[in-house]
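Below are the chains, spelled out letter by letter.
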Protein chains: 2
Amino acid sequence: MTIPRNAVSAKDVAEAAGVSRAAVSRTFTPGASVSPTTRAKVLAAAERLGYHVNHLARGLITAESGIVALIVAELDTPFRSRLLAALTEKLQADGKVAMLINTDRSDESVKGALRQAISYRTDAAVVLSGMPDPALGDLCIRNGLRLVLINREEGRPGALHIRLNDAACGAQAFEALRRIGCVRPAVATSRSATTSLRLRAEGFAHAAEDAGLPATREAIGVTSYAAGLDLGTALLSRSEPPDGIFCTTDLLAFGVLDVARQRFGRRVPEDLSVIGFDDVAQAGWDAYRLTTFAQPVDEISESIVSWLDGNGAADDLVELDAHLVWRDTVSMPSR
Amino acid sequence: MTIPRNAVSAKDVAEAAGVSRAAVSRTFTPGASVSPTTRAKVLAAAERLGYHVNHLARGLITAESGIVALIVAELDTPFRSRLLAALTEKLQADGKVAMLINTDRSDESVKGALRQAISYRTDAAVVLSGMPDPALGDLCIRNGLRLVLINREEGRPGALHIRLNDAACGAQAFEALRRIGCVRPAVATSRSATTSLRLRAEGFAHAAEDAGLPATREAIGVTSYAAGLDLGTALLSRSEPPDGIFCTTDLLAFGVLDVARQRFGRRVPEDLSVIGFDDVAQAGWDAYRLTTFAQPVDEISESIVSWLDGNGAADDLVELDAHLVWRDTVSMPSR
DNA sequence: CTGAAAGCGCTTACAG
DNA sequence: CTGAAAGCGCTTACAG
């Protein structure tokens with residue numbers, strides 16, 4: 001019985017308009033039946049009083065809050081923030097609203113985020129990073145929360161899984177390097193063992209092996225620019241340094257590029273070719289002009305929103321393609 | 001009377017624990033009085049059933065949803081996403097949760113975002129970009145929404161205003177350039193007329209004028225890397241090109257730097273010095289090593305959270321300092 | 001410390 | 001099309 005912070009309620013509007021509370025509820029519920037006359041009266045009163053439907057109360061009744069939780073780690077990373085921007089935009093266009101929950105990738109942290117989402121009765125939770133253990137998935141389902149997992153391997157019944165053609169991209173990266181004449185291919189990746197990164201690296205390694213040009217593989221640190229620097233240093237310090245490097249992430253590629261040019265004096269692409277993954281904004285900057293795979297960020301977002309819209313209670317899998325965008329760190333294959 | 005999506009409620013827990021609904025409510029309300037025995041019974045039952053307090057219902061009663069709306073445009077921009085990350089992190093640490101609302105900077109769009117916030121009865125709205133017209137501020141206040149404005153000039157009673165020492169930084173930038181011997185200073189900024197950008201540019205221009213070295217001023221496009229490219233081109237194509245450029249934003253500086261080196265063959269800092277603003281991650285990358293002003297992102301976030309915690313109904317102003325971080329695009333002043 | 005009861009602001013069968 | 005009434009899941013005086 002605290003003071004209800006003087007927000008105006010449906011009751012106020014009803015009185016002002018001389019109608020019932022049900023009438024005002026109906027004029028704000030799409031598809032409900034109200035006569036044009038009452039509707040007009042209600043709208044006028046609502047406008048005058050500054051009424052806004054209380055979505056908390058509505059959510060309580062309809063069991064649909066309209067909120068979807070976005071669970072993400074390292075959201076200030078270029079790729080992550082781009083995905084976040086696209087996702088919130090599509091969500092809003094669809095009449096939903098995003099709740100942003102930061103995690104540190106630890107299981108405990110993701111669990112806390114999921115609990116948060118449950119407490120607010122969000123309609124769904126989208127896990128952009130971190131890999132919830134199976135028990136957490138059950139927690140969601142049991143609480144009527146729909147789950148979408150991006151780039152997670154393990155299947156979870158009832159959830160939407162979004163995957164990329166990671167392995168195929170890895171193979172394509174090798175193929176691109178082979179075509180321009182690279183003979184000492186390498187893959188550079190981080191030790192963060194996410195499924196997608198592993199798949200990209202494996203796809204590359206397998207293709208290389210099949211072609212009889214075994215790739216050297218280096219994995220250092222977390223996915224960051226700094227790790228890229230270390231990766232480049234490690235790779236180019238070898239007695240037989242690579243002449244083509246596939247980095248599983250753009251951030252890694254930028255570090256490799258900088259260290260290759262500035263510390264090892266390599267010319268790119270003359271002495272060394274580099275391919276990245278993500279197609280983050282910086283990949284298009286003149287300092288890099290990185291040849292890389294573009295993640296279909298808009299398609300990912302759209303798939304999620306449309307799955308959310310459907311009432312697909314069944315589990316689902318969406319496979320999307322990343323495609324290579326050619327810039328200047330690999331010579332165009334001559335045909 | 002739709003099926004309440006089988007989430008478990010306090011009533012279920014009460015029955016399972018053999019206590020009243022009030023008892024379970026109390027065990028989840030910090031500071032409420034429950035005996036250790038009942039508390040234990042409730043906790044056990046809650047754990048077993050997977051109970052989570054419904055924050056929608058709680059918010060309805062307490063008139064505090066625990067949600068704070070973050071209203072932001074271009075959130076996939078390096079600085080914006082960094083601020084967003086810091087803010088959500090502090091907010092969470094303080095027991096609140098962030099609702100992320102994307103806008104396109106238009107007044108109409110910000111208005112929609114604010115309405116969204118009101119509908120969900122968020123405790124506060126933090127406007128990271130876009131400049132709401134005065135009427136919108138009133139809308140918030142009238143609906144019991146606390147407002148925090150970052151880098152907005154116009155005062156709004158009841159709101160928290162966070163400002164930086166923008167003008168002083170502009171002056172300091174000029175001073176830094178003058179000390180190393182620049183004689184043809186320039187400011188490069190965008191046409192997005194935000195207060196902070198304007199103040200930075202003016203601070204620089206005034207200091208230059210006072211020193212008898214009038215600065216040339218160029219303003220192009222929106223705040224982006226692409227605009228930086230155009231800015232650099234425009235400035236360096238002049239008959240008397242500048243030897244020192246202060247860019248009101250790091251993004252602009254990266255463009256200027258790339259075009260200066262690659263298209264105009266300038267060596268930095270030998271032929272040209274450049275100073276940015278924000279200290280975004282890329283400023284530390286080897287390709288740039290940009291001397292720039294670091295925004296006190298953590299302090300900004302902390303100020304907001306602590307203001308939110310206090311019940312300061314009065315309006316408030318917090319002034320924070322950005323400080324220059326020296327890297328390699330300006331020679332250290334010799335003393 | 002504890003429970004019964006009122007009330008937050010809404011939506012939705014149910015009758016008319 | 002419309003209103004009176006029930007109910008969503010919670011918290012909080014009020015009595016005990």
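Up top is the structure these notes are about.
Just so it is clear, the model here is predicted, and its values are computed rather than measured.

Cut-offs used in this document
Sequence order sets the numbering: in each chain, residues are counted from 1 along the sequence as written. Following the order in which they are written, the chains are lettered starting with A and the ligands numbered starting with 1. Whole-chain, interface and lining totals are the exception, using all residues; otherwise, since this is a predicted model, local features are given only for residues with pLDDT of at least 70 and side-chain atom pairs are given and counted only at 80 or more. Only hydrogens and water are removed before side-chain values are computed, so all heavy atoms of the structure are retained for them. Two residues form a contact once any of their heavy atoms are found within 4.5 Å. Accessible area that two parts lose when put together, evaluated with a 1.4 Å probe and summed over both, is termed the buried area. For salt bridges, the criterion is a side-chain nitrogen of Lys or Arg within 4 Å of an Asp or Glu carboxyl oxygen. Two N or O atoms form a polar contact when they lie within 3.5 Å of each other; inside protein one atom must be a possible hydrogen donor and the other a possible acceptor, and for residues adjacent in sequence the pair counts only when both atoms belong to side chains. By definition, any uninterrupted DSSP run of H or I lasting at least four residues is a helix, any uninterrupted run of E lasting at least two residues is a strand, and each is numbered from the N terminus. Side-chain classes follow a simple rule in which Ala, Val, Leu, Ile, Met, Phe, Trp, Tyr, Cys and Pro form the nonpolar group, Asp, Glu, Lys and Arg form the charged group, and the remainder, Gly included, forms the polar group. Here, strands pair whenever DSSP counts at least two bridges between them. Axis lines are fitted through C-alpha atoms, for helices just across the contact stretch, and the angle between N-to-C directions can take any value from 0 to 180 degrees. Only protein chains enter the calculation, and the probe is 1.4 Å; a residue is then buried if its accessible area is under 20% of its type maximum, exposed if over 50%, and partly exposed in between. Looking down the strands as they point away from the viewer, one classifies a crossover as right-handed if the path from the first strand across the helix to the second runs clockwise. By definition here, a helix of n residues has an expected span of 1.5 Å times n minus one.

Peer 1: Go over the interface of chain B and chain A with me, naming the residues and quoting the values.
Peer 2: With 62 residues of chain B in contact, the opposing surface of chain A contributes 62 residues. Overall, the association of chain B and chain A removes approximately 5,700 Å² of surface from exposure, summing both partners, and the carbon and sulfur fraction of that is 55%. On the surface where chain B and chain A come into contact, there are zero salt bridges. Connecting chain B to chain A are 22 residue pairs in polar contact (both at pLDDT 80 or more). Secondary-structure elements contributing two or more residues to the side of chain B that touches chain A are helix 4 (55–62), helix 5 (78–93), strand 2 (97–103), helix 6 (107–119), helix 7 (134–142), helix 10 (225–236) and helix 11 (250–262) of chain B. Of all the elements, helix 5 of chain B adds the most residues to the side of chain B that touches chain A, at eight residues. Its residues assigned to classes, the side of chain B that touches chain A comprises 30 nonpolar, 21 polar and eleven charged. Examined bridge by bridge, strand 2 (residues 97–103) of chain A and strand 2 of chain B share three bridges and lie antiparallel to one another.

Peer 1: Tell me about the sheet that holds strand 7 (residues 216–219) of chain B, and name the residues and values.
Peer 2: All names here are of chain B. Here six strands make up an open sheet; going across it, the order is 7-6-8-9-10-12 and the pairing mixed. Only two strands of the sheet have a single neighbouring strand rather than two, namely strand 7 and strand 12 (323–325). On average, adjacent strands in this sheet sit at an angle of 20° to one another, irrespective of strand direction. Across four bridges, the pairing between strand 9 (residues 273–278) and strand 10 (residues 291–294) is parallel. Its bridge partner lying in strand 10, Ile275 is registered against Thr291. Each of strand 6 (185–189), strand 7, strand 8 (244–247) and strand 9 touches helix 9 (residues 195–210); the most contacted strand, strand 6, lies at about 175° to it. On top of the sheet, helix 10 reaches strand 6, strand 7 and strand 8; it is set at about 145° to strand 7, its chief contact.

Peer 1: Can you tell me about the pairing of strand 2 of chain A, naming the residues and giving the values?
Peer 2: Residues and elements named next belong to chain A. Most of strand 2 sits out of view: seven of its seven residues are buried. Burial along strand 2 is two-sided: the residues Val97, Met99, Ile101 and Thr103 and Ala98, Leu100 and Asn102 are all buried. When strand 1 (residues 67–73) meets strand 2, the two strands line up parallel, connected through seven bridges. Looking at strand 2, one finds that Ala73 is bridged to Thr103. Read as a crossover between parallel neighbours, the route from strand 1 over helix 5 (residues 78–93) to strand 2 is right-handed.

Peer 1: If you had to explain helix 9 of chain B to someone new, which residues and values would you point to?
Peer 2: Residue and element names in this part refer to chain B. Helix length check: helix 9 (16 residues) gives 22 Å between terminal C-alpha atoms against 22 Å at 1.5 Å per residue, within 8%. Looking only at helix 9, the buried set comprises Thr195, Ser196, Leu197, Arg200, Ala201, Gly203, Phe204, Ala207 and Ala208. Of the surrounding secondary structure, the elements contacted by the buried residues of helix 9 are helix 8 (166–179), strand 6, strand 7, strand 8 and strand 9. Of the residues one or two after helix 9, Gly212 is the one with positive phi, at around 75°.

Peer 1: With reference to specific residues and values, describe the sheet that holds strand 7 (residues 216–219) of chain A.
Peer 2: Residue and element names in this part refer to chain A. In space, the six strands of this open sheet follow the order 7-6-8-9-10-12, with mixed pairing throughout. The sheet terminates laterally at strand 7 and strand 12 (323–325), the two strands that pair on one side only. Strand-to-strand twist in this sheet, taken as the mean axis angle between neighbours without regard to direction, amounts to 20°. One ladder, built from four bridges, connects strand 6 (residues 185–189) with strand 7; its direction is parallel. Following the sheet pairing, Ala188 is matched in strand 7 by Glu218. Across the sheet, helix 8 (residues 166–179) is in contact with strand 6, strand 8 (244–247), strand 9 (273–278), strand 10 (291–294) and strand 12; its angle to strand 9 comes to roughly 160°. Relative to the sheet, helix 11 (residues 250–262) contacts strand 6, strand 8, strand 9 and strand 10, its axis offset from that of strand 9 by approximately 155°.

These figures come from the coordinates and say nothing about function on their own.
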